[in-house]
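What follows is the residue order along each chain.
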Amino acid sequence: MEPVIVVGAGPVGLALALALTRHDVPCVVLDEGSWKDEERLARTAVLRADTANWLEQLTGVVLSAPTDAPGAAPTRAEPRAPGSRAAARTALPAASPVTQGDAPAAGTRWSGWRLTRRKQTVRHVVFGEGGVAAGGARSRAGEPFAAPSHLPQHALVVALRRALVGSPLVTLVADSRVVALEQDADGVTVRTRGAGGNWWRGSHVVGCDGARSTVRKLIGVRFPGRSGLERHAVAALRAELPHPGEALLHRSPPWRGASPEIAARPLPDGVWRLDWLLPAEGDLVTPDALVARVRETLAGWCGGGTPPYELLDTGVYTVHHRLARSWRVERAFLAGDAAHLVGAVGTQGLDEGLRDVRNLAWKLAAAVHDEAGPALLDSYQAERLGAVAARLRAADQSLPILRGGGLLRELVPGTARGHESLLSDAHLGDGPLGAPPSYARSPLAPRVTDTAVAVGTAPGAPVADVLAMGEDGAPTPLSARLGHGAFLVLLIAPGTGVWDARHWRTAGIMPRLAAAVDALPCRAELLVAEGYPGAAAHTVLLVRPDGHLVTALHGVQPAALYGAADAAFGGAGSPADPANGRSEAAHDRLRATEDDAYGDDPDGAYGAEPGGAYGDDAGPGDVFHDDAGPRPGSGAGSGSGSDAYRDGGTEASYGSRTDDAPSHGARTPPALGPAAHEQPPAPRRGESSAREGAASGARADTETRRLTTRPGSE
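Residues numbered from 1 in each chain as written. Predicted model: local features only at pLDDT ≥ 70, side-chain atom pairs only at ≥ 80, totals over all residues. Heavy atoms only, no water.

Undergrad: Give me the lowdown on the overall build of the protein chain, citing residues and values where you can.
TA: Regarding its fold elements, the protein chain presents 13 helices and 32 strands. Burial statistics for the protein chain: of 714 residues in total, 60% are counted as buried. Excluding contacts between residues fewer than 6 apart, the proportion of contacts in the protein chain whose partners are at least 24 apart in sequence is 74%. Roughly 26400 Å² of accessible area belongs to the protein chain as shown, and the carbon and sulfur atoms make up 53% of that amount. (Helix = DSSP H or I, 4+ residues; strand = E, 2+ residues; numbered from the N terminus. Buried < 20%, exposed > 50% of the residue type's maximum accessible area, 1.4 Å probe, protein only. Contact = heavy atoms within 4.5 Å. Areas by Shrake-Rupley, 256 points an atom, 1.4 Å probe, with all protein chains shown as cover.)

Undergrad: Break down helix 12 (residues 558–568) for me, with residues and values.
TA: In terms of residue burial, helix 12 counts as a mostly covered element, since eight of its 11 residues are buried. Within two residues after helix 12, glycine 570 carries a phi angle of roughly 85°, on the positive side.

Undergrad: Would you mind going over the sheet that holds strand 5 (residues 64–66) in detail, with residue names and values included?
TA: Sheet strands pair by backbone hydrogen bonding; their relative direction is either parallel or antiparallel. Strand order in the open sheet formed by four strands is 3-10-7-5, and the pairing between neighbours is mixed. Lying at the two open borders of the sheet, with one neighbouring strand each, are strand 3 (44–47) and strand 5. In this sheet, adjacent strand axes meet at a mean angle of 25° when their direction is disregarded. Bridge count between strand 7 (residues 107–109) and strand 10 (residues 149–152): two bridges; the pairing is antiparallel. The residue of strand 10 that forms the bridge with threonine 108 is histidine 150. (Pairing = 2+ DSSP bridges. Axes fitted to C-alpha atoms, helices over the stretch in contact; angles between N-to-C directions.)

Undergrad: Give a detailed account of the pattern of salt bridges, specifying residues and quantitative values.
TA: The full count for this structure, using the stated rule, is 23 salt bridges. In this structure, arginine 544 and glutamate 383 form a salt bridge, with 2.8 Å as the shortest nitrogen-oxygen distance. Taken together, the positions of arginine 544 in the loop between strand 28 (539–543) and strand 29 (549–554) and glutamate 383 in helix 7 (residues 378–403) put the pair 161 residues apart, joining distant regions of the chain. The exposure class assigned to glutamate 383 is buried, which follows from its relative accessible area of 0%. Via salt bridges that share partners, Asp50, Asp351, Arg355 and Arg358 belong to a single interconnected network. (Salt bridge = Lys/Arg side-chain N within 4 Å of Asp/Glu carboxyl O.)

Undergrad: I'd love a proper account of the sheet that holds strand 11 (residues 170–173), names of residues and values included.
TA: Pairing within the open sheet is mixed, and its six strands lie in the order 11-2-1-15-22-21. Of all strands in the sheet, those bounded by a partner on one side alone are strand 11 and strand 21 (328–329). In this structure, strand 2 (residues 27–30) lies alongside strand 11, joined through four bridges in parallel fashion. Counterpart to valine 29 in the pairing with strand 11 is leucine 172. Sitting on the sheet, helix 1 (residues 11–21) touches strand 1 (4–7), strand 2, strand 11 and strand 15 (204–207), and the angle it makes with strand 2 is about 170°.

Undergrad: Summarise unusual backbone geometry; cite the residues concerned and give the values.
TA: Most peptide bonds take the trans form, and the phi angle of most residues other than glycine is negative. The backbone phi angle of aspartate 24 is positive, close to 60°, even though this residue is not glycine. With respect to the element layout, aspartate 24 can be found in the loop between helix 1 and strand 2.

Undergrad: Describe the confidence of the model for the protein chain, listing the residues and the values that go with them.
TA: Taken as a whole, the protein chain shows an average pLDDT of 76; of its residues, 71% reach a score of 70 or greater. Here residues 69–105 is modelled with pLDDT under 50, and outside its nearest four sequence neighbours on either side it reaches 76 contacts, counting other chains as well. With pLDDT under 50 throughout, residues 407–414 is counted as low confidence; its partners more than four residues away or in other chains account for four contacts. (pLDDT = per-residue confidence, 0-100.)

Undergrad: Tell me about the nonpolar core, residues and numbers included.
TA: Ranked by size, the top nonpolar core spans 77 residues in total, and within it Leu16, Leu20, Leu55 and Val206 carry the most contacts. Excluding residues that lie within four positions of it along the chain, leucine 20 makes contacts with Val4, Val25, Cys27, Ala361, Leu364 and Ala365. In terms of nonpolar packing, the next biggest core, distinct from the first, is built from 30 residues, Ala514, Ala516, Ala564 and Ala568 among them. (Core = buried A, V, L, I, M, F, W, Y, C linked by side-chain atoms within 4.5 Å.)

Undergrad: Summarise the packing of aromatic side chains; cite the residues concerned and give the values.
TA: By the definition in use, this model includes four aromatic pairs. Between phenylalanine 487 and phenylalanine 569 the ring centres are 5.9 Å apart and the planes differ by 80°, which places this aromatic pair in the edge-to-face class. Here phenylalanine 569 lies in the loop between helix 12 and helix 13 (583–594) and phenylalanine 487 lies in strand 26 (residues 487–492), a separation of 82 residues in the sequence. Assessed through its relative accessible area of 3%, phenylalanine 569 is described here as buried. These aromatic residues form a ring-pair network of at least three members: Trp327, Phe333 and Tyr380. (Phe/Tyr/Trp six-rings, centres within 6.5 Å; stacked < 30°, edge-to-face > 60°.)

Undergrad: How would you sum up helix 2 (residues 49–59)? Please name residues and give values.
TA: With eight of its 11 residues buried, helix 2 lies for the most part within the structure. Within helix 2 the residues assigned to the buried category are Thr51, Ala52, Asn53, Trp54, Leu55, Glu56, Leu58 and Thr59. Where helix 2 terminates, the next one or two residues include glycine 60, which has phi positive at roughly 75°.

Undergrad: Describe the packing of helix 1 against helix 2, and please don't skip the residues or the numbers.
TA: Following both chains from N to C, one finds helix 1 and helix 2 inclined at 60°, their axes separated by 10 Å at the closest point. Accordingly, the angle class assigned to the pair helix 1 and helix 2 is oblique. When you trace helix 1 past helix 2, the crossing you get is left-handed. Residues Ala15, Leu18 and Ala19 of helix 1 pack against Trp54, Leu58 and Thr59 of helix 2. In terms of residue class, the contact of helix 1 with helix 2 is built from five nonpolar, one polar and no charged. (Parallel < 35°, antiparallel > 145°, perpendicular 65-115°, else oblique. Left-handed = near helix turned anticlockwise from the far one by under 90°. Nonpolar A, V, L, I, M, F, W, Y, C, P; charged D, E, K, R; others polar.)

Undergrad: Can you lay out the pairing of strand 2 for me, pointing to particular residues and giving the numbers?
TA: Across the two faces of strand 2 the burial is the same, with Cys27 and Val29 and Val28 and Leu30 all buried. Handedness of the crossover joining strand 1 and strand 2 through helix 1: right-handed. (Right-handed = clockwise from strand over helix to strand, strands pointing away.)

Undergrad: Summarise the environment of arginine 331; cite the residues concerned and give the values.
TA: Turning to its location among the elements, arginine 331 is positioned in the loop between strand 21 and strand 22 (332–334). You can call arginine 331 partly exposed: its relative accessible area is 22%. Distance in space between the C-alpha atoms of arginine 331 and leucine 377 is 9.4 Å, their sequence separation being 46 residues. The contact partners of arginine 331, leaving out residues within four places of it in the chain, are Gln183, Asp184, Ala185, Asp186, Gly187, Val188, Ser203, His204 and Val205. Polar side-chain contacts of arginine 331 include one of 3.0 Å to the backbone oxygen of alanine 185. (Polar contact = N/O pair within 3.5 Å; in protein donor to acceptor, adjacent residues only side chain to side chain.)

Undergrad: Run through the pairing of strand 19 (residues 271–278), naming residues and quoting values.
TA: Of all eight residues in strand 19, eight are buried; the element is thus mostly enclosed. Of the two faces of strand 19, the one holding Val271, Arg273, Asp275 and Leu277 and the one holding Trp272, Leu274, Trp276 and Leu278 are both buried throughout. Inspection of the sheet shows strand 16 (residues 225–239) paired to strand 19 by eight bridges, in the antiparallel sense. Opposite alanine 233, over in strand 19, you have tryptophan 276 as the bridge partner.

Undergrad: How would you sum up the environment of cysteine 522? Please name residues and give values.
TA: Examined against the element boundaries, cysteine 522 turns out to sit in the loop between helix 11 (510–518) and strand 27 (524–529). The buried category is assigned to cysteine 522, whose relative accessible area is 7%. Here the alpha-carbon distance between cysteine 522 and alanine 565, two residues 43 residues apart in the chain, equals 7.2 Å. Sequence-distant contacts of cysteine 522, defined by excluding residues within four places in its chain, comprise Phe487, Ala565 and Phe569.

Undergrad: Mind laying out the side chain of aspartate 430, listing which residues take part and the relevant values?
TA: Residue placement: aspartate 430 occurs in the loop between helix 9 (415–428) and helix 10 (431–434). Excluding anything up to four places from it in sequence, aspartate 430 contacts Ser139, Arg140, Phe145, Asp425 and Ala435.

Undergrad: Quick one: what's the story with the packing of helix 1 against helix 6 (residues 349–368), residue by residue and with numbers?
TA: Relative to each other, helix 1 and helix 6 sit at 30°, their axes nearing to 9 Å. The angle between helix 1 and helix 6 falls in the class roughly parallel. Crossing geometry of helix 1 relative to helix 6 is assigned as right-handed. In contact with Pro11, Val12, Ala15, Leu16, Ala19 and Leu20 of helix 1, helix 6 contributes Leu350, Gly353, Leu354, Val357, Leu360, Ala361, Leu364 and Ala365. Each residue belonging to the contact of helix 1 with helix 6 can be placed in one class, and the counts come to 13 nonpolar, one polar and no charged.

In structure tokens:
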């Protein structure tokens, strides 16, 4: 079996490699860096609760702890899925390049989130036991909010590297710069230069190599978008602040000269990351100016006097929004920052990149094992590009409202409350700005039939994490059963808690259901649960390996269950099979969406017409075409420095390359455009996707400067 080649060893690339090993797929991870990157406490990531839980199960490490727990090194998570496959791990040598620069810092789960305007707290969400919101705070979907996790990106990278080292399925190669990529009918060939230079052969290649992606250039995919949407100054410091463990978003602070918006997020050991929103076009932030901001902010929050503090790290970054025109070209894929840049108004780019991994890993594994139907790999672009495009569109539409002048707020009653609702969505993970994506209009969605029933989760949405019991008799969260490539068939049967695990497959309707599950065209695991939101007794739920609901049926319906499973697996069964009802429909749906790739997008915000921010004919001034750097008047900083943030969000700097320009391998244009989604997705088929040129002379479009203030100095 040929390996999957993953280019880029940031969080997204490492997570993809680790997820593929869970499916018994060999991987080669190529990275330009030497893996001796230093710890940066000003470079952190906020992960939604479901993403953080998935990462902990993937790595076997507790990455975030309640904020009342003292900071400590990441510890091994308790296994939650008995019998699950796990890659072998070996002890690392003390001077291993994989672990050099290790930091004994895990992340934290917020104990609360507070939104303040001037001196008034306008919203306060407290996360109680288990990280679940107390006091009835619920999302639009009716679910209680779950505490996000906040952790240094370096700690996440180290945890992923540790999980990979020792696996016989993974080859980690540092100091290897990709310079050529060729595709044929049987696989891909990648050429690298550097200390690890070589020719590499694989079944597929995935570019997780950041915003200046070489893979994206080599496959000729454009990367348009908006530049300089927001600028932020960042400081990581140790201090005693009010409301320990709670994240804070402070709008219009009452002291003179304050930033219009300040965010504070806790880390272990009394460390905080503070972000100040800066003018889009302003002077450079000097060390003295940043220290002044720190002092005035701490004094404003602590009653007038600046408390003792230790300044640990600083930086400045600019947020850009970009979206790759295509995420798949034959056997080459894009993920993370190579495919999209997200980050304004509290949206989280790394969280979106890890969702790319969850969506792609099981599909790619099925293709490598020759199990996938023809529509399965196509669905990655249709689902993820559409979801990220919707997030970008929502953020773009929110920016003029949130960053506009104060006159509108004074003249229109309720405008401030609308601002607070938008910000709450982005920071708590709700609404278009933050809610987990739903793939209801995916090409993998089965045909709607009269046999389907409604439950508390809509088809295509992530399932609730209820306790379920398998053949082993152990009740575990449903999420612990995911991630191993198998679909889940969940029977809702009240009273199963008292069943004898040795006999439960022979009780009631279980024999018929077990036979139907065994006959499915894909691997599936049969589970039972006491209950599920909105589901009646004897309801059967079919869940994808990435945790999204396919359908819900009442009772045992073998033909309907088979058809839904075959649809969700890309139509792997025979098109002539009446129980299938899907393979031809999948391609019909994909072909139809080539002529209407943007779905329900009446404003044309993501189309190719003039003014479309992510189209080839977007208006001048605030739009980047390809990777051509900031245009005059765009408000983007010039950027400098050597710290590569890779897939960790928009905080990135990319050094220029002056030799070994990448060469393009022979290939044909992408065969399929994206499918219609309930969010507006991708480019229309046949639109221009001219090559972006060589990687030499790459210009930095993201402003990231490491300020030289020493810890504690003023």
